[in-house]
Amino acid sequence: MTATQTRTGSSTVRPKPPSKLRPTLVVVITGAIALAALLAVDARWERFPQIFTEAPAYIALMADGVFQNPFTMPWSEYWTKTFGYMFESVQMAWMGTVIGALLSFPLSFLAASNVAPRWVVLPVRQVLNVIRALPEIVLAIAFMIPIFGLGALAGTMALGIGSIGTLGKLSSEAIEGIDTGPVEALSATGANKAQVLRWAVVPQVLPEIVAFWLYRFEINIRASAILGIVGAGGIGSILGQLFNGRMWDRIGITLVVIIGVTVIVDQISAAVRRRIISGSARPSVEASSGPVEAA
Amino acid sequence: MSAPAAQATTGARRPDRPRKPPPSIGGLVGLVAFAVITAWAAIGVEFTLAPLITNLTRGSDVIWYYLHPNWEILTRPAVAEGFLETLYIAIIASLIGCILALGLSMLASKVSAPNSAVYQVSKIVLSLIRSLPDIAYGLLFVAFVQTGALPGILALIVFNIGVVAKLTPESIDAVDRGPIEAVEAAGATRFQRARFAIFPQVAPNYLSYCFYVFELNLRASMVLGFVGAGGIGEVINLLMTRLDHSSVSAVVVALFVVVFVLDQASRTVRRRLT
């Protein structure tokens, strides 16, 4: 024992580096897949340099539209119209989130294995999985436009149904992660299942679930812009037209409005989310001070 | 003297319940704001559920087509090529986008950015990139380099940078500072610091985001096809304009299966990573 110690101590042999076989293999395989894809795809790479020749000209045209005096015709009209469509996108996103929240809230309890029995949890989870795998644009063209016709209502319903998938999954995972103490306490006082849900489960998960709703609202704003391309309302509906008509000055205005409104809504939503999550600590502080006062 | 006695007697009959906390002002304001915004939005989108009852017959034809998919369409070479193109676009865009995003992430975290000016600027640039929807990038790149797979790849690269470079800096912010101090003490350069102290710590999260982005790309490719940026979406768009609903249905079901299988595969990989 001491002999080996002195031997390794005296020699300047470095420790053997760990085998690099696995990482190397992963890199080689990934590279091979990417190379195969690059060779197989018919992407006409020779057009790539066009970005450097075409884009600056178009960006100049867009900037030209943005930097016109917005209070003179026709620019004032363009800005008003664009804001009108963007607000429609925000409205679609909001209503879609409200619908998704209302429908996903009960479903998330049915998908939580510590609340619902196993034979309920498994099918509900599958439904949530299926919804999550369908892009909103498919929901819009396949189901909502045939029923609700072209327009913002179809897009709203597509966003609402699409939101159920993610909201239900995230919320049910939050419910599964609750502290079991309050549940045991209520059961010990003889509360029935509904009372346990109302007083032990919901208060614990509500801040987190509301934060998920806000998060989904941010996602829905981006998604609502996409839906317009198939005629389901919002800013996307003029985006497609403008690009077809190559009206670059108005495209510039539209992109600026999208970026501006999205960034502002994101900031507000993130601030509210932070408050909800940190505010959730407050009631528990009051509760802990309660018994002290009573004593 | 008598007051406490009276209290004691009532206490004996019925134990005093703790008083309910008064409703918080913030909560009330929040509720009112919620109601106002919801009313504004509902009026704006002319929200009604009436079409569900009245128009279900109108939609029922289309839904009938969807429930009877035309499976033969899947054997057409154009459809198979569309699927393969989607897959190629997703692979190439994920790889390039993730590599570029790693560099940008290093600039957009306080821990790894060279100075706070670079950090602030990268943060702003990334949030601007993220606020445009993928469809806008699709339209822009179609205008720049014409239709085909190339604008699709370019649009998704930008979109991927937005997603990965949002998530990774948050992981970088949370790294253990010990290894950084250690390599700094050993005289590491900025690159060596990022390579040997920061990257190994965030690698599992970063790779998991890359797989997540790959899943998103398969879905996004469908949207991009609607504006001529390649992939299976172009096939779906063509079938849609012909109102060939049963063929659309078959292609969508096939896409669903492909996405589902790749999702599961990628999720198992992601679970092993983290």
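Conventions and cut-offs
- Residues numbered from 1 in each chain as written.
- Chains lettered and ligands numbered in written order.
- Predicted model: local features only at pLDDT ≥ 70, side-chain atom pairs only at ≥ 80, totals over all residues.
- Heavy atoms only, no water.
- Helix = DSSP H or I, 4+ residues; strand = E, 2+ residues; numbered from the N terminus.
- Rg over C-alpha atoms; globule rule 2.2 N^0.38 Å.
- Contact = heavy atoms within 4.5 Å.
- Lys, Arg positive; Asp, Glu negative; His and termini not counted.
- Charge placed at Lys NZ, Arg CZ, Asp CG, Glu CD.
- Buried area = accessible area lost by both parts, 1.4 Å probe.
- Salt bridge = Lys/Arg side-chain N within 4 Å of Asp/Glu carboxyl O.
- Polar contact = N/O pair within 3.5 Å; in protein donor to acceptor, adjacent residues only side chain to side chain.
- Nonpolar A, V, L, I, M, F, W, Y, C, P; charged D, E, K, R; others polar.
- Core = buried A, V, L, I, M, F, W, Y, C linked by side-chain atoms within 4.5 Å.
- Buried < 20%, exposed > 50% of the residue type's maximum accessible area, 1.4 Å probe, protein only.
- Patch = residues over 30% accessible without salt bridge, like charges linked within 9 Å, V, L, I, M, F, W, Y side chains within 5 Å.
- Areas by Shrake-Rupley, 256 points an atom, 1.4 Å probe, with all protein chains shown as cover.
- 1 Å grid on protein atoms, 1.4 Å probe; cavity = no way out; pocket = protein on both sides within 12 Å on 5 of 7 lines; lining within 4 Å.
- Points joined across faces, edges and corners; volume = space filled by probe spheres on them.
- Axes fitted to C-alpha atoms, helices over the stretch in contact; angles between N-to-C directions.
- Left-handed = near helix turned anticlockwise from the far one by under 90°.

Visitor: Could you give an account of the overall build of chain B, with specific residues and numbers?
Guide: Of the regular secondary structure elements, chain B holds twelve helices and zero strands. Each helix and strand of chain B, placed in order from N terminus to C terminus, yields the pattern α-α-α-α-α-α-α-α-α-α-α-α. Computed over C-alpha atoms, the radius of gyration of chain B comes to 28 Å, more than 25% over the 19 Å expected from 2.2 N^0.38 for 274 residues, which places it beyond the range of a compact globule. Principal axes of the C-alpha set define a box for chain B whose edges measure 95 × 75 × 35 Å. Long-range contacts, defined here as pairs at least 24 residues apart, represent 75% of the contacts in chain B between residues at least 6 apart. Of note, chain B has its 21 positive side-chain charges centred 13 Å away from the centre of its 16 negative side-chain charges.

Visitor: Help me get a handle on the interface of chain A and chain B, residues and values and all.
Guide: At the interface, 64 residues of chain A touch 60 residues of chain B. For the pairing of chain A and chain B, the buried interface totals around 5300 Å² over both sides, and the portion due to carbon and sulfur atoms is 78%. When the area that chain A buries against chain B is broken down by residue, the three leading residues are A:Gln91, A:Trp94 and A:Ile147, summing to 12%. Scanning the region where chain A abuts chain B turns up zero salt bridges. Linking chain A to chain B there are seven residue pairs in polar contact (both at pLDDT 80 or more). Taken together, the residues of the side of chain A that touches chain B break down into 47 nonpolar, seven polar and ten charged.

Visitor: Requested: an account of the nonpolar core, with residues and values cited.
Guide: Of all hydrophobic cores here, the largest spans 122 residues; its most connected members are A:Trp248 and B:Phe144. If one sorts the elements of this core by residue count, helix 8 (residues 149–173) of chain B sits on top with 13 residues. The contact partners of B:Phe144, leaving out residues within four places of it in the chain, are A:Gln50, A:Glu54, A:Ala55, A:Tyr58 and A:Trp248. One finds B:Val111, B:Ile172, B:Val183 and B:Ala194 within the second-largest nonpolar core, a separate group that totals ten residues.

Visitor: Explain a nonpolar patch on the surface to me, using residue names and the numbers behind them.
Guide: Residues and elements named next belong to chain A. On the surface, Leu35, Leu38, Leu39, Trp45, Phe48 and Phe52 cluster together into a nonpolar patch covering about 620 Å² of accessible area. A total of three residues in the nonpolar patch trace back to one element, the largest contributor, which is helix 2 (residues 21–40). Tracing the backbone through its elements, the reader meets Leu38 in helix 2. Take Leu38: its relative accessible area is 34%, and that puts it in the partly exposed class.

Visitor: Can you tell me about empty space enclosed by the protein, naming the residues and giving the values?
Guide: With the rule as written, the count across this model stands at one cavity of 30 Å³ or more. Put simply, the largest cavity is a space of about 40 Å³. As for the largest cavity, its lining consists of A:Ala133, A:Leu134, A:Pro135, A:Val138, B:Val252, B:Leu255 and B:Phe256. Examining the composition of the lining of the largest cavity, we find that three residues originate from one element, helix 12 (residues 245–273) of chain B, more than from any other.

Visitor: Can you break down the pattern of salt bridges residue by residue, with the values?
Guide: Residues and elements named next belong to chain A. Tallying each qualifying case throughout the model produces eight salt bridges over all chains. A salt bridge links Lys169 to Glu173; the shortest N-O distance between them is 3.0 Å. Of this pair, Lys169 and Glu173 both sit in helix 7 (residues 152–176), separated by four residues, roughly a single helical turn. Classification of Glu173 as partly exposed rests on a relative accessible area of 42%.

Visitor: So what's going on with the packing of helix 5 (residues 77–107) of chain B against helix 10 (residues 190–225) of chain B? Which residues, and what values?
Guide: All names here are of chain B. Close contact between helix 5 and helix 10 brings their axes to 9 Å; oriented N to C, the two are set at 145°. Between helix 5 and helix 10 lies a crossing whose hand is right-handed. Contacts between helix 5 and helix 10 involve Thr86, Leu87, Ala90, Ile91, Ala93, Ser94, Cys98, Ile99, Leu102 and Met106 from the first element and Ala194, Ile198, Phe199, Tyr206, Cys210, Val213, Phe214, Asn217, Leu218 and Ser221 from the second. Along the lines of polarity and charge, the residues of the contact of helix 5 with helix 10 split into 16 nonpolar, four polar and no charged.

Visitor: So what's going on with the side chain of A:Thr254? Residues and values would help.
Guide: Tracing the chain through its elements places A:Thr254 in helix 11 (residues 248–279). Those residues in contact with A:Thr254 that lie beyond four places of it in its chain are A:Thr82, A:Ile235, A:Ile238, A:Leu239 and A:Leu242.

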